[in-house]
Amino acid sequence: MLLFLLVVTGCQNRNTMNGPLYKGRPLTIGVIGDEPVVRESNITFKPLTLEELEKNPTKLSSQFDAVFITKDYFRKASEPQYTKVYKTAAIPFIFIKLDKLLAAYTVEQLSYDDVPDAFNLMFASAVYQAPGADEPNLWGFGLYNDVENETNVKTTYSTIFSSIESKRIGK
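Computed from a prediction, not measured in an experiment: that's the story for all the values here.

A. Structural context of the nonpolar core. With 24 residues, the main nonpolar core has Leu-53, Ile-69, Tyr-86, Phe-93, Phe-95 and Tyr-105 as its most contacted residues. Breaking this core down by element, the ones donating at least two residues are α2 (50-55), β3 (66-69), α4 (74-77), α5 (80-88), β4 (93-96) and α6 (103-106). In terms of residue count, α5 provides more of this core than any other element does, three residues in total. If sequence neighbours within four positions are ignored, Tyr-86 has contacts with Leu-53, Ile-69, Ala-77, Phe-93, Phe-95, Tyr-105, Val-127 and Gln-129.

Structure (structure tokens):
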């Protein structure tokens, strides 16, 4: 019995990584969709709609450090008017469990249906266009060993928060 428990415990540890908490400055993140469950107490999530994004994109950077967009809103979020927002808001937009390539959100002429499925699914994909930059910066966040479990998801969120902070120096 003891040997069985050691083997099972050893297998589980290879697929789970409990990484460090984000301990940077407090962040305020707009969320279009469901608010994630995270370990950090210095993160504030505020509900947001796509329509609110469109109203005044340049004001978003004074209200939020980033915006999370979840699966139920991917298709609508790829419409051309939102592509303009991603380019002018000067904050990172993070798509949680995105199933398409980021081109659906960075190229106005492409719709969600025009873009191929993502060939290597990341847990989250991000787009950030710095003020004055000609092109957006694109990057992704994977789960440890590509295993989705509570510990790996929360560790990945901590990594996302660190990345957001690095993009928002000086806010």
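The structure having been displayed, the exposition proceeds.
B. Summary view of the sheet that holds β4. Judged by pairing direction, the sheet is mixed, and its six strands sit side by side in the order β2-β1-β3-β4-β5-β6 without closing on themselves. Two strands bound the open sheet, and with one partner strand each, they are β2 (43-47) and β6 (137-141). With strand direction ignored, the average angle separating the axes of adjacent strands in the sheet is 25 degrees. The strands touched by helix α7 (residues 150-167) are β1 (27-32), β2, β3, β4, β5 (124-128) and β6; relative to β6, the strand with the most contacts, the crossing angle is about 160 degrees.

C. Expanded view of α5. Among the residues making up α5, those that are buried are Tyr-82, Thr-83, Val-85 and Tyr-86. In a view along the axis of α5, the buried residues occupy a sector of 155 degrees, so they form one face of it. Just beyond α5, the residue with positive phi is Ala-90, at close to 60 degrees.

D. Seen up close, the pattern of salt bridges. Under the criterion given, the structure shown has seven salt bridges. Close ionic contact of Asp-99 with Lys-71 constitutes a salt bridge, the shortest N to O distance being 3.4 Å. Here Lys-71 lies in the loop between β3 and α4 and Asp-99 lies in the loop between β4 and α6, a separation of 28 residues in the sequence. Taking the shortest distance from any N to any O, the salt bridge between Lys-154 and Glu-150 comes out at 2.8 Å. You can see Lys-154 and its partner Glu-150 sitting in helix α7, four residues apart, about one turn around the helix.

E. Structural context of unusual backbone geometry. The phi angle at Asn-145 is positive, at roughly 55 degrees, despite the residue not being glycine. Within the secondary structure, Asn-145 sits in the loop between β6 and α7. Of note, the phi angle at Asp-146 is positive, near 55 degrees, even though the residue is not glycine. Assignment of secondary structure puts Asp-146 in the loop between β6 and α7. On the accessibility criterion, Asp-146 (66% relative accessible area) is exposed.

Rules and cut-offs
Residues numbered from 1 in each chain as written. Predicted model: local features only at pLDDT ≥ 70, side-chain atom pairs only at ≥ 80, totals over all residues. Heavy atoms only, no water. Core = buried A, V, L, I, M, F, W, Y, C linked by side-chain atoms within 4.5 Å. Buried < 20%, exposed > 50% of the residue type's maximum accessible area, 1.4 Å probe, protein only. Helix = DSSP H or I, 4+ residues; strand = E, 2+ residues; numbered from the N terminus. Contact = heavy atoms within 4.5 Å. Pairing = 2+ DSSP bridges. Axes fitted to C-alpha atoms, helices over the stretch in contact; angles between N-to-C directions. Arc of directions from axis to C-beta. Salt bridge = Lys/Arg side-chain N within 4 Å of Asp/Glu carboxyl O.

Distances and angles like these do not, on their own, reveal function.
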